[in-house]
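Structure at a glance
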Amino acid sequence: MSTLTKAPSKNKMLLENIKRSSNFSVGGVIILLMVILWVMKPDFFSQANFNVIAKIVSITALVGLSQMIILAGGGMNVSVGAIGGLVGIVTGGMMDVLGFPVVIAIVVGLATGMLCGVINGLIIAKSGSSGVSSFLTTLATASVFTGLNLGITKATPFYNLPETFKYIGSGSILSIPILLWVMLIVIVIFGMGFKYTSLGRQILAVGGNVKAAELSGILVGRITVISHLLSGLVAGIAAVLLVARLGSAQPDVGSDWMLFSFAAPLIGGTRLAGGKINATGTVLGAIVLVLISNGMVHLNIDVYWMNLIQGLIILAAVAIDRIRTINAERMGVRKSEY
Amino acid sequence: MGRKLINDLIKKDIASVTIAVFVISILLTMVTEGFTSAFNLDSLGRTIAITAIVGFSQLMVLSIGQFNLALGSMAGVTGMFTAALMEKYAIPVLLALIIGALIGMILGYIQGLLIVKTGINPFIITLSLASIYLGIATVATKSEMYSNLPAGFRAIGKASVFHVPILFLITLGVAVILSVFMYRLPIGRQILATGASERAAYFSGIKTSGIILTAHSISGLLAGMAGILQVARLGSAQLSVGQDWMLVSFAAPVLGATILSGGKVSVSGAILGAMLMSIMINGLVLLNINSNWFQAFLGVMLLAAFQVDRLRLSFVMQKKI
């Protein structure tokens, strides 16, 4: 009897939770965007366009994830794009100029990304792991990484990439692009990692309150270095996928990542101040961003509007985040989160 | 001994950057051929002048412990707008300059208003405004370029008085006004107090929201000025004006003894910081180093500047204790 009376209330609570979650509202926005695009351009949902969108979403989501890992710990990483650019060039150069096999080139590329992350992490940890120092440090290292990239390449792309490598960008498994598979696997790993591993919880604890984390015995400096290493790795994966998709390693890979690296996680419900993340939300945020930009192309809207609209979207995203926080504070939900 | 020397230099605040400027200038004079040529010094003077104003613009918001990432876009918008006023609408140069400066100020004011009213993280606001402002300029001009600017306007960027570029004199004038504003007027002290501790300032009866608005408005005004002067120097207005200023805007004030966390600024230090950055880049050009490496170099410089900032801060802390 008691189970019978409990069951509906439990369901109701679940429903209530779903309604309140950011994924619900972002999902609604995605459906709305799709309907609008479908009404205005019926061929928007062709298999070809689906593949294009899926690939761009995959890369955008990984770029967002790279930023989300740092946001989780209360920092910022404005060098995500610069790391991506350097990884793309190293991977491409290894194959084109030095003739290394695909696997080794990718491994060295990703190792470069991790190394860049460790450099960021070490400098930031040394100057106190605060949000301000992470912003300024990565601003400076971004310039160093981009400079190395341009110095190595003399600003010319690597074109002669092996077919097997390009296949990563063009191939499909079970009629789903390989890029999408890779993204899903990485997102699941990190989503689970933040939920169930002590490392993930520690990063979130640092983001929630550095002082409290330090006092409860978390080595904040070590956590900073590890989270930047992971961020560099994910930025590297995004870059390798992008180079595979483009079929050439351009030095300007990543140069336009800064804005949507913040936008994707923030739209998806990750808190800018740290301590709260949403990996699924980051994918949903990436879908929103790509639908809007891809939709604009389909609707023949001038590319001149791109910057303006992207800026407005991210401002809207943080405004919503802000309202959400205020509401949560009012309802006392925020207390229970910690 | 080495430690003591470092501490002594830090104690003198801008001594370190002054010494660096001298040492590097002497080195470049010995190593390269053209460094002291009239042509090079003239062009260097103009670069320093504009870099210094860019540094002032960032210094204004650093003084309250915030950043202005939209500074480059503000400069671009203002430069384009002023050029359009003169070229398309044939508005007299002086009037166009005044309107342009006002536009820069308004862009800064909007930024301050959003920060004060919404409570959203200032970093994200200035980041998205950078994109929005550039977007507005792109949409309004369709990436057009304005290159038929009046000769009177271009003279600002080209002419010299007694071999000193007018641009440099303008920068000195701005520096004097800014120094008086920051160090002599009550509002300047209030800005610095807000930067040192917003809470403490608020409880001592300072209207901190008004102070934040003022700091961002002046930052916008200075960014706009830098944009207009850069257009005058180049002789044409294009959207790329200001797009690569972010790094130097931080480096110039921080190298020159301004503290990142707010509450302490040095106007003359920012000029010296701008000098150091400009001379070093000039040196790289004279040494025939591929320009692709410049960006890496700038990044290392900025990192070094932050380390100096950190040393300085820990020194200040020690002294207080």
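Because the structure is a prediction, the values reported are computed rather than measured.

The rules behind each value
Residues numbered from 1 in each chain as written. Chains lettered and ligands numbered in written order. Predicted model: local features only at pLDDT ≥ 70, side-chain atom pairs only at ≥ 80, totals over all residues. Helix = DSSP H or I, 4+ residues; strand = E, 2+ residues; numbered from the N terminus. Buried ≥ 20, exposed ≤ 12 C-beta atoms within 10 Å, placed from the backbone. Contact = placed C-beta atoms within 7 Å. Axes fitted to C-alpha atoms, helices over the stretch in contact; angles between N-to-C directions. Parallel < 35°, antiparallel > 145°, perpendicular 65-115°, else oblique. Nonpolar A, V, L, I, M, F, W, Y, C, P; charged D, E, K, R; others polar. pLDDT = per-residue confidence, 0-100. Expected span 1.5 Å × (residues − 1). Arc of directions from axis to C-beta. Core = buried A, V, L, I, M, F, W, Y, C linked by C-beta atoms within 7 Å.

With that settled, the discussion passes to the overall build of chain A. Check the secondary structure of chain A and you find 15 helices and 2 strands. Going through the 338 residues of chain A one by one, you find that 49% of them count as buried. Of all intrachain contacts in chain A linking residues separated by at least 6 positions in sequence, the fraction that spans at least 24 positions is 80%.

Next up on the list: the overall build of chain B. Looking only at helices and strands, one finds 14 helices and 2 strands in chain B. Referenced to the eigenvectors of the C-alpha coordinate spread, the extents of chain B come out at roughly 60 × 55 × 35 Å. Counting the 321 residues in chain B, one finds 50% classified as buried. The long-range fraction of contacts in chain B, counting pairs at least 24 apart against all pairs at least 6 apart in sequence, stands at 79%.

The next subject is the packing of helix H8 (residues 178-196) of chain A against helix H13 (residues 279-298) of chain A. The description of two helices packed together rests on the angle between their axes and the distance between the axes. All names here are of chain A. Where H8 meets H13, the closest approach of the two axes is 8 Å, and the angle between their N-to-C directions is 140 degrees. The pairing of H8 with H13 is recorded here as oblique in orientation. Of H13, the residues touching H8 (which contributes Ile-187, Phe-190, Gly-191 and Phe-194) are Ala-279, Thr-280 and Val-283. Per-class residue counts for the contact of H8 with H13 are 5 nonpolar, 2 polar and no charged.

All names here are of chain A. Structurally, Gly-274 is set in the loop between helix H12 (258-267) and H13. Taking the C-alpha atoms as reference, Gly-274 lies 21 Å from Val-186; in sequence the two are 88 residues apart. Apart from the residues lying within four places of it in its own chain, the contact partners of Gly-274 are Leu-71, Ala-72, Gly-73, Gly-74, Gly-207 and Gly-208.

A word on the interface of chain B and chain A. Counting residues at the interface gives 36 residues for chain B and 32 residues for chain A. When residues of the side of chain B that touches chain A are assigned to their parent elements, the largest contribution, 12 residues, is made by helix H6 (residues 122-141) of chain B. Grouping the constituent residues of the side of chain B that touches chain A by class yields 21 nonpolar, 13 polar and 2 charged.

Attention shifts here to the packing of helix H7 (residues 163-170) of chain A against helix H11 (residues 220-246) of chain A. Residues and elements named next belong to chain A. As a packed pair, H7 and H11 sit with axes 7 Å apart at the nearest point and diverge in direction by 100 degrees. The orientation of H7 with respect to H11, classified from their angle, is roughly perpendicular. Facing H7, whose interface residues are Phe-165, Lys-166, Ile-168 and Gly-169, H11 presents Leu-241, Ala-244 and Arg-245. Considering only residue class, the contact of H7 with H11 consists of 4 nonpolar, 1 polar and 2 charged.

On to the confidence of the model for chain B. Residue and element names in this part refer to chain B. Averaged over every residue, the pLDDT of chain B is 85; the share at 70 or more is 93%. The weakest mean pLDDT in chain B belongs to helix H1 (residues 2-11) at 56; the strongest belongs to helix H11 (residues 208-234) at 92. The ipTM, which scores confidence in the relative placement of chains, is 0.78 for this predicted complex, and the corresponding pTM is 0.83.

Our next topic: helix H4 (residues 80-96) of chain A. Here H4(A) contains 17 residues, and its C-alpha end-to-end distance of 24 Å stays within 8% of the 24 Å for a straight helix at 1.5 Å per residue. Where burial is concerned, most of H4(A) is hidden: 15 out of the 17 residues are buried.

Residues and elements named next belong to chain A. Confidence in the prediction of chain A, expressed as mean pLDDT, is 83, and 89% of residues score 70 or more. By mean pLDDT, helix H15 (residues 333-337) is the weakest element of chain A at 43, and H11 is the strongest at 92. Throughout residues 1-5 the model reports pLDDT below 50, and contacts reaching past four residues in sequence, or to other chains, amount to 0 contacts. Note that residues 334-338 has pLDDT below 50 and, in this model, 4 contacts with residues that lie over four places away or in other chains.

All names here are of chain A. Relative to the helices and strands, His-298 resides in helix H13. The partly exposed category is assigned to His-298, around which 14 C-beta atoms lie within 10 Å. Once the C-alpha coordinates of His-298 and Met-40 are considered, the two residues, 258 residues apart in sequence, prove to be 9.2 Å apart. Sequence-distant contacts of His-298, defined by excluding residues within four places in its chain, comprise Leu-37, Lys-41 and Phe-44.

Residues and elements named next belong to chain B. A rise of 1.5 Å per residue sets the reference length of helix H8 (residues 166-184), with its 19 residues, at 27 Å; its end C-alpha atoms lie 26 Å apart and thus fit the reference within 8%. Every buried residue of H8 is accounted for by Leu-167, Phe-168, Thr-171, Val-174, Leu-178 and Met-182. Within H8, the buried residues cover an arc of 120 degrees as seen down the axis, which keeps them to one side. Set apart from the buried face of H8 by more than 90 degrees, the exposed residues are Gly-173, Val-176, Ile-177, Val-180 and Arg-184.

In this section: the nonpolar core. Considering soluble globular proteins, one finds that nonpolar side chains tend to be buried as a cluster. Residues B:Ile53 and B:Tyr133 are the most contacted members of the largest nonpolar core, which totals 195 residues. Ignoring sequence-local partners within four residues, the contact set of B:Ile53 consists of B:Thr171, B:Val174, B:Leu222, B:Met225, B:Ala226 and B:Leu229.

Quick look at unusual backbone geometry now. Residues and elements named next belong to chain B. Positive phi, close to 50 degrees, is recorded for Phe-162, a residue that is not glycine. Accessibility expressed as a C-beta count within 10 Å gives 5 for Phe-162, which makes it exposed. One non-glycine residue with positive phi stands out, namely Asn-288, at about 65 degrees. When you line up the elements, Asn-288 lands in the loop between helix H13 (267-286) and helix H14 (294-320).

All names here are of chain B. For Ser-291, the position within the fold is in the loop between H13 and H14. Residue classification places Ser-291 among the partly exposed positions, given that 13 C-beta atoms sit within 10 Å. C-alpha separation for the pair Ser-291 and Ile-281, spaced 10 residues apart in sequence, amounts to 9.3 Å.

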